[in-house]
Amino acid sequence: MRRCFSAVSSCLPAVGSSSLLRAFSSTGDRSKEQLGPDYMGADKKAKSHEAVYGQHAAGVQFVEHKPRAVMFVNKRPVEIIPQEENLLEVMEREGIRVPKFCYHPILSVAGNCRMCMVQVDGTQNIIVACATAALPGMSVLTDTKLVRDAREGNVELILVNHPNDCPICEQATNCDLQHITMTYGTDQPRYREDKRASNDFYFDPHTRVVLNRCIHCTRCVRFLNEHAQDSSLGMIGRGGLSEISTYMDELEVATEHTAGAVQLCPVGRLSTACADENNAIADELEALELEAAEATA
């Protein structure tokens with residue numbers, strides 16, 4: 001009775017507790033059906049809350065009973081669950097900011113971007129945090145000169161072929177590459193060569209792939225492979241010639257979950273649009289450019 005009273009009191013307007021007790025005591029031995037639908041709904045709500053709380057408590061109890069250990073991040077002791085967490089998860093849980101492109105909690109670990117590098121304390125070794133399991137007694141440093149120089153050089157390599165079209169990019173001001181470049185990059189790049197250019201393509205009628213902006217994090221590939229069970233999209237080529245492709249020009253991604261891949265892209269390489277409409281606009285612009293070139297000639 002006390003449990004039902006506490007559940008119903010949360011649904012009723014604020015009144016004196018004594019009046020509520022008198023109201024409940026006056027019901028006598030009447031059944032729940034006679035008390036009306038409000039009483040029945042409150043009772044069901046209390047039972048559902050109890051079931052949810054019981055499941056949550058069981059999950060917390062399961063986590064609490066796992067073996068714990070201690071590692072050190074920036075000389076500070078941190079509690080970990082050995083062999084079940086990677087270094088990046090531990091540092092994010094502790095509020096330590098680490099840059100990343102390819103890592104995402106719902107995807108498998110790839111380690112493509114090499115941005116989440118940390119230094120092993122006492123050595124000159126740099127490891128990738130997302131692909132390294134947290135072990136007892138391990139000690140890592142996240143903000144040394146070696147780590148900062150490595151991240152700066154990595155950002156510079158990522159930007160070698162990336163176009164400087166931020167003002168017209170759909171992902172501008174909400175781009176992970178923009179934020180990480182401003183925080184960890186350099187304002188004096190050493191590369192002066194021409195950037196590589198690739199043609200855009202559509203891997204389904206509504207998703208455009210801008211290959212010039214791709215940083216090869218493979219988030220879209222892993223999402224489609226692991227969550228949509230579609231292997232039509234993948235990485236082809238090696239080194240500087242590698243790119244995201246559907247292997248064959250006539251092959252399309254046969255899934256309705258491409259919007260998830262678009263949302264996961266960190267640099268705005270994927271955009272949702274109508275292929276026919278965009279192709280018509282591109283043809284019109286090309287015709288105008290030809291007319292202007294002929295007029296000037």
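Bear in mind that the values here come from a model prediction, so they are computed numbers and not experimental data.

Chemist: Could you give an account of a nonpolar patch on the surface, naming the residues involved and the relevant values?
Modeler: On the surface, a cluster of nonpolar side chains totalling about 280 Å² of accessible area is made up of Ile236, Tyr247 and Met248. For Ile236, a relative accessible area of 30% puts it in the partly exposed group.

Chemist: Which residues make up the state of the cysteines, and what are the values?
Modeler: A disulfide bridge is the covalent bond that connects two cysteines by way of their sulfur atoms. Counted by the stated rule, this structure contains zero disulfides. Cys113 supplies the cysteine sulfur nearest to Cys102, a cysteine that is in no disulfide, at a spacing of 3.6 Å. A relative accessible area of 2% means that Cys102 is categorised as buried. Between Cys217, a cysteine without a disulfide, and Cys265, which holds the nearest cysteine sulfur, the sulfur-to-sulfur distance is 6.0 Å. The class for Cys217 is buried, based on a relative accessible area of 9%.

Chemist: Provide a residue-level description of the side chain of Arg151, including the pertinent values.
Modeler: Of note, Arg151 is situated in helix H6 (residues 145-158). Asp143 provides the closest opposite charge to the buried, unpaired Arg151, separated from it by 5.4 Å. Those residues in contact with Arg151 that sit more than four places away from it in its chain are Val98, Pro99, Met115, Met117, Val118, Thr142 and Tyr184.

Chemist: Could you give me a rundown of the side chain of Ser198, with the residues and numbers involved?
Modeler: Looking at the element boundaries, Ser198 is found in the loop between helix H7 (176-184) and strand E6 (201-204). Its relative accessible area of 17% is what places Ser198 among the buried residues. In contact with Ser198, other than residues within four places in its own chain, are Leu211, Asn212 and Glu243.

Here is what the cut-offs are and how they apply
- Residues numbered from 1 in each chain as written.
- Predicted model: local features only at pLDDT ≥ 70, side-chain atom pairs only at ≥ 80, totals over all residues.
- Heavy atoms only, no water.
- Patch = residues over 30% accessible without salt bridge, like charges linked within 9 Å, V, L, I, M, F, W, Y side chains within 5 Å.
- Areas by Shrake-Rupley, 256 points an atom, 1.4 Å probe, with all protein chains shown as cover.
- Salt bridge = Lys/Arg side-chain N within 4 Å of Asp/Glu carboxyl O.
- Buried < 20%, exposed > 50% of the residue type's maximum accessible area, 1.4 Å probe, protein only.
- Disulfide = S-S within 2.5 Å.
- Helix = DSSP H or I, 4+ residues; strand = E, 2+ residues; numbered from the N terminus.
- Lys, Arg positive; Asp, Glu negative; His and termini not counted.
- Contact = heavy atoms within 4.5 Å.

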